[in-house]
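Below are the chains, spelled out letter by letter.
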Amino acid sequence: MNTITRRDPELVMRLARLGSIHQSRLSFMRVLLRRLAREGWRFENTAFNVNDAGEGHAVYTVYSPDRAYSLIAYAHDLPPEKRSDRVIAEAWDATFTLFDGVPSAADIERLSHNIPVQEAGRVSGTELSVSRANRSVRLWEHVVSSLVEGHQPDLEQIRAVGYLMRTTAVYGSGKLGAADREMIADRPEFRAPFQVEMLSVYLTRWFVLDLVQHMADRRAAAEGRVAAQLSPEIGRVMGVGNSTGLGMAPFLLNHPVLFNNWVAARENAILAVRRLAKAKSEEIALFQSLVARSKITIDQWHSEHPIQIEKLKGLRADAAKVDGYLAGGCLSAEHPWDALYRWAEDNLSLEGQEWIASLILEPYGAHVDRFAEEMAGDNTATFRIAGAMSVGALRTLLLEIYGWAIDTDWQAPENRARAWYVSEEKLEPRLGERFEEPIEEYEQPLAPGRDAAQLFNALAHWPDEAQVADFLLRHPEHRHVLRRAQIVGRAPYAEIRDNTISDQVLPIDMLRCKLAFFGATQFDPRSDRWVRICMYGNAPLPKELTQENADFWVFPAGETQLEEGVV
């Protein structure tokens, strides 16, 4: 039998494959909810002071075994003309902060002058995150009016959108004066990446459901009626949306060690499962059940973008092929998960391959979940350049990591057609046309392949025994990419092995990759540069959360049934 090894970075780190990754047991939302349930965190709505116009504040506090955290939500009556998902927007339907502890009245008052204005305000070390959200206007009105009329909203309309509000930014790690990552990184609950932000969004979902019910109740009362209560089953279907654009794409390039740790953890988990010699009958049954439930998500996943339409068409065809494979009883054979993965590589699209790579992890929490502890990243030690490295060793390293780039003709216009820069007016990263816009002098260092090829060429006449410290004294312009190459030498999944400035680059591949690690589902690109997604759709509501339902909620269980007696 073939030796089962970890997948090669040359295979994994291509943009097309990274842009096909699916959520998994190691996705940050799922890591968080398992911890909340396992440790028995308690949830309490300690304030809800919102008027009939939808203006006011609410506080939601969650108690861990050792600490308390509170989401402070500020609701606003936003004129339609001011509603924008752009980073330069100045007003939103709701704004939030995750507070370290239980806020006092003075804290709520202080923050009421800062959180609603976001970048124009300032917060302190007691605030862990700052965020904002806008309503999905049509679905919001549909839900409110349905409840006012005394009946439940239409489930198909809800599924078509998936959320009542979408976040347009969730800031942490020192942004606007909030607590730096280093201040909280040693807390077990925040050791895994983005746990502050995921907790903030989970509590935001609770607030949104409370707010929509409140607005229905107040409108109904004004009309002399009593609104229906939103069914928990329908509330559970709805998550929190998110609009993500180019601002997120450079993150994966700017945080190579962290990115490596995310991908390496997933690859190590895939390897651990592929190496299992046998699958127990209950593990096979669980896997087959989750395949069936995952197909519901695939059937409900819609997009109007031509690239995603084609990918979904391929994924649905892949799902039918998987049904045929499983019907053959192959999971009862030796090394069933390795066999399934190898079959997927030979028979399925990239989207289908990565779907299977994530799904095979599901029955094996005992083998897989520990890898979440390895996903955080500390770049400090990797920033120091090893000046004693020989030029020969560096040359070998560059050929190993950047061979594809060294073989690329960087004089061909199509291979350097784009340039990354930051728009002064919009304050957002942009990807412009190098030969059509005057942007080259503002280019950001986000083309490591090109820069590595330039470094390789600059080394051409240097002897193998020379030290890189001597080379850098003569050519300091190559410091950034030389450091990067040394980082990737120790962290093999740190680098995207593709051209990030070609005329064919799709930034949505980078967005999809990062958002899949968050745990997002139903990716809906609106162009090749921004995407909408849903977070926590189908997740148990805070007061329902148990160890029994904290694990597989991301897979729809089937037709949503309303409780008996619900209108």
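Residues numbered from 1 in each chain as written. Predicted model: local features only at pLDDT ≥ 70, side-chain atom pairs only at ≥ 80, totals over all residues. Heavy atoms only, no water.

**Q** Explain the overall build of the chain here, please?
**A** Within the chain one finds 21 helices and eleven strands. Computed over its C-alpha atoms, the radius of gyration of the chain comes to 25 Å, within 12% of the 24 Å expected for a compact globule of 567 residues. Projected onto its principal axes, the C-alpha positions of the chain cover 85 × 60 × 50 Å. Buried residues in the chain amount to 58% of all 567 residues. Taking all contacts inside the chain whose residues are at least 6 apart in sequence as the whole, residues at least 24 apart take part in 76%. Of the roughly 23,400 Å² of accessible surface on the chain, a fraction of 50% belongs to carbon and sulfur atoms. One way to put it: in the chain the 63 positive side-chain charges average out to a point 2 Å from where the 79 negative ones average out. (Helix = DSSP H or I, 4+ residues; strand = E, 2+ residues; numbered from the N terminus. Rg over C-alpha atoms; globule rule 2.2 N^0.38 Å. Buried < 20%, exposed > 50% of the residue type's maximum accessible area, 1.4 Å probe, protein only. Contact = heavy atoms within 4.5 Å. Areas by Shrake-Rupley, 256 points an atom, 1.4 Å probe, with all protein chains shown as cover. Lys, Arg positive; Asp, Glu negative; His and termini not counted. Charge placed at Lys NZ, Arg CZ, Asp CG, Glu CD.)

**Q** Explain the packing of helix H12 (residues 281-300) against helix H13 (residues 306-327) to me, please; I cannot follow it from the model alone.
**A** Axes are the key here: two packed helices are described by the angle between their axes and the distance separating the axes. Closest axis-to-axis distance for the H12/H13 pair is 11 Å, and the angle between their directions is 160°. The angle between the axes of H12 and H13 places the two elements in the roughly antiparallel class. The element H12 and its partner H13 pack so that their crossing is left-handed. For the pair formed by H12 and H13, the contact residues are Phe287, Gln288, Val291, Lys295, Ile298 and Asp299 on the first element and Leu315, Arg316, Ala319, Val322, Asp323 and Leu326 on the second. Looking at the contact of H12 with H13 residue by residue, the class counts come to seven nonpolar, one polar and four charged. (Axes fitted to C-alpha atoms, helices over the stretch in contact; angles between N-to-C directions. Parallel < 35°, antiparallel > 145°, perpendicular 65-115°, else oblique. Left-handed = near helix turned anticlockwise from the far one by under 90°. Nonpolar A, V, L, I, M, F, W, Y, C, P; charged D, E, K, R; others polar.)

**Q** What exactly am I supposed to notice about the pattern of salt bridges here?
**A** Side chains that carry opposite charge are capable of pairing whenever their charged atoms lie near each other. Scanning the entire structure with this criterion turns up 44 salt bridges. Residue Arg34 is joined to Asp369 by a salt bridge in which the shortest nitrogen-to-oxygen separation is 3.4 Å. Remark: Asp369 occurs in the loop between helix H16 (365-368) and helix H17 (391-406) and Arg34 occurs in helix H3 (residues 28-38); sequence separation between them is 335 residues. A relative accessible area of 10% means that Arg34 is categorised as buried. Assessed through its relative accessible area of 21%, Asp369 is described here as partly exposed. A salt bridge links Arg225 to Glu223, with the shortest nitrogen-to-oxygen separation between them at 2.8 Å. (Salt bridge = Lys/Arg side-chain N within 4 Å of Asp/Glu carboxyl O.)

**Q** Could you clarify how one ought to interpret the side chain of Ser136 in this entry?
**A** Mapped onto the elements, Ser136 comes out in the loop between strand S5 (127-135) and helix H5 (137-148). Note on Ser136: relative accessible area 10%, which makes it buried. Those residues in contact with Ser136 that lie beyond four places of it in its chain are Val161, Tyr163, Leu164, Met165 and Arg166.

**Q** Explain the packing of aromatic side chains here, please?
**A** Given two aromatic rings, one states the distance between the centres and the angle between the planes to describe the pair. In this structure the tally under the stated criterion is 23 aromatic pairs. Clustering of aromatic rings is evident, with ring pairs tying together Phe43, Phe48, Tyr60, Phe96, Tyr202, Trp206, Phe207, Tyr536 and Trp553. Here the guanidinium or amino end of Arg370 rests over the ring plane of Phe371, the centre of that ring lying 4.2 Å away. (Phe/Tyr/Trp six-rings, centres within 6.5 Å; stacked < 30°, edge-to-face > 60°. Lys NZ or Arg CZ within 6 Å of the ring centre and 35° of its normal.)

**Q** Is there a simple way to explain the sheet that holds strand S3 (residues 68-75) in this structure?
**A** Think of a sheet as strands paired side by side through backbone hydrogen bonds, with each pair either parallel or antiparallel. Reading across the sheet, the nine strands line up as S1-S2-S3-S4-S5-S6-S7-S11-S10 and stay open at both edges, with mixed pairing between neighbours. Both outer strands of the open sheet, strand S1 (42-50) and strand S10 (521-525), are each paired with one neighbouring strand and no more. Between one strand and the next, the sheet's axes are offset by a mean angle of 25°, whatever the strand orientation. Seen against the sheet, helix H21 (residues 507-518) touches strand S7 (239-244), S10 and strand S11 (531-535) and runs at an angle of roughly 160° to S10. (Pairing = 2+ DSSP bridges.)

**Q** Explain helix H18 (residues 448-458) here, please?
**A** One full turn of an α-helix is made of 3.6 residues, so residues set three or four places apart face in the same direction. For H18, a buried count of eight out of eleven residues is recorded, marking the element as mostly surrounded by other parts of the structure. Among all positions of H18, only Pro448, Gly449, Arg450, Asp451, Ala452, Ala453, Leu455 and Phe456 are buried.

**Q** Explanation requested: H13 in the structure shown.
**A** With 22 residues, H13 should cover 32 Å at 1.5 Å per step; its first-to-last C-alpha distance of 32 Å lies within 8% of that length. Considered for burial, the residues of H13 that qualify are Gln308, Lys311, Leu312, Leu315, Asp318, Ala319, Val322, Tyr325 and Leu326. Angularly, the buried residues of H13 cover 130° about the axis, an arc narrow enough to put them on a single face. In H13, the exposed positions that point more than 90 degrees away from the buried face belong to Pro306, Glu310, Lys313, Ala320 and Ala327. Buried positions along H13 lie against H12, helix H14 (336-347), helix H15 (350-359), H21 and S10. (Expected span 1.5 Å × (residues − 1). Arc of directions from axis to C-beta.)

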